[in-house]
Amino acid sequence: MKNANYLWFVLCGVMLVASCRRSDPAMSPPVISFDGGPIFKAKQGRTLVVTPTVVNGGEGATYTWKNGSAVIGREPSLTFSSDELGSVYIVLQVSNAAGED
């Protein structure tokens, strides 16, 4: 019975610590969303500004915008324009100490 009480106490302590970590936004990976969805249309030669909503970004978060393998931005928002017609696929990666999205 004494071992069962000790095990119960340890299990409650582990659950308490685990629940505290989950509720701390600094300990959660970022989550990216875009108002209206992740597809944007712009006219040739016009400037497009993309500002995502990032949950759990935090002060130490890094932002990396890529067009293919080329890094085209490192700020929370991207200002983009192109004089060429066609589709451009841009990827945003946000990272913090807990992970990335």
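Quick caveat: nothing in here was measured; it's all calculated off a predicted structure.

Student: Can you walk me through the overall build of the protein in this structure?
Tutor: Across its full length, the protein holds one helix and eight strands. Helices and strands in the protein line up, N terminus first, as α-β-β-β-β-β-β-β-β. Buried residues in the protein amount to 17% of all 101 residues. Restricting the contact set of the protein to residue pairs at least 6 apart, pairs at least 24 apart contribute 59%. Total accessible area on the protein stands at roughly 7900 Å², and carbon and sulfur atoms take up 57% of it.

Student: Which parts of the structure should I look at to understand the packing of aromatic side chains?
Tutor: A ring pair, where both rings are aromatic, is described by two values, the distance of the centres and the angle of the planes. All told, the structure shown has one aromatic pair when counted by the stated rule. Pairing Phe 34 with Phe 40 gives two aromatic rings, centres 5.7 Å apart and planes at 75°, and the pair type is edge-to-face. Taking relative accessible area as the criterion, Phe 34 reaches 22% and is therefore assigned partly exposed. Phe 40 sits in the partly exposed class, given a relative accessible area of 36%.

Student: Explain the nonpolar core here, please?
Tutor: For soluble globular proteins, nonpolar side chains are generally found buried alongside one another. Membership of the largest hydrophobic core is limited to nine residues, which are Ile 32, Leu 48, Val 50, Ala 61, Tyr 63, Trp 65, Leu 78, Leu 92 and Val 94. Broken down by secondary-structure element, the contributors of at least two residues to this core are β2 (48–50), β4 (62–67) and β7 (90–96). In this view, Ile 32 contacts Pro 52, Thr 53, Val 54, Leu 92, Val 94 and Asp 101; residues no more than four positions away in its chain are not counted.

Each value, and the rule that gives it
The numbering scheme is per chain: residues are counted from 1 as the chain's sequence reads. Owing to the predicted nature of the model, reporting of local features is limited to residues with pLDDT of at least 70; listing and counting of side-chain atom pairs is limited to 80 or more, with chain, interface and lining totals taken over all residues. For the side-chain quantities, the full set of heavy atoms in the structure was used; hydrogens and water were omitted. Strands here mean DSSP runs of E at least two residues long; helices mean DSSP runs of H or I at least four residues long; both are numbered from the N terminus. Only protein chains enter the accessibility calculation, which uses a 1.4 Å probe. A residue is then buried if its area is under 20% of the maximum for its type, exposed if over 50%, and partly exposed in between. By definition in these notes, contact holds between two residues if any of their heavy atoms fall within 4.5 Å. A 1.4 Å probe and the Shrake-Rupley method give the accessible areas. Residues count as covered only by the protein chains that appear here. Stacked, edge-to-face and tilted are the three classes for Phe, Tyr and Trp ring pairs, Trp counted by its six-membered ring, which pair at centre distances within 6.5 Å; planes under 30 degrees apart are stacked, over 60 edge-to-face, the rest tilted. Take the buried residues of types Ala, Val, Leu, Ile, Met, Phe, Trp, Tyr and Cys, join any two whose side-chain atoms come within 4.5 Å, and each joined set is a nonpolar core.

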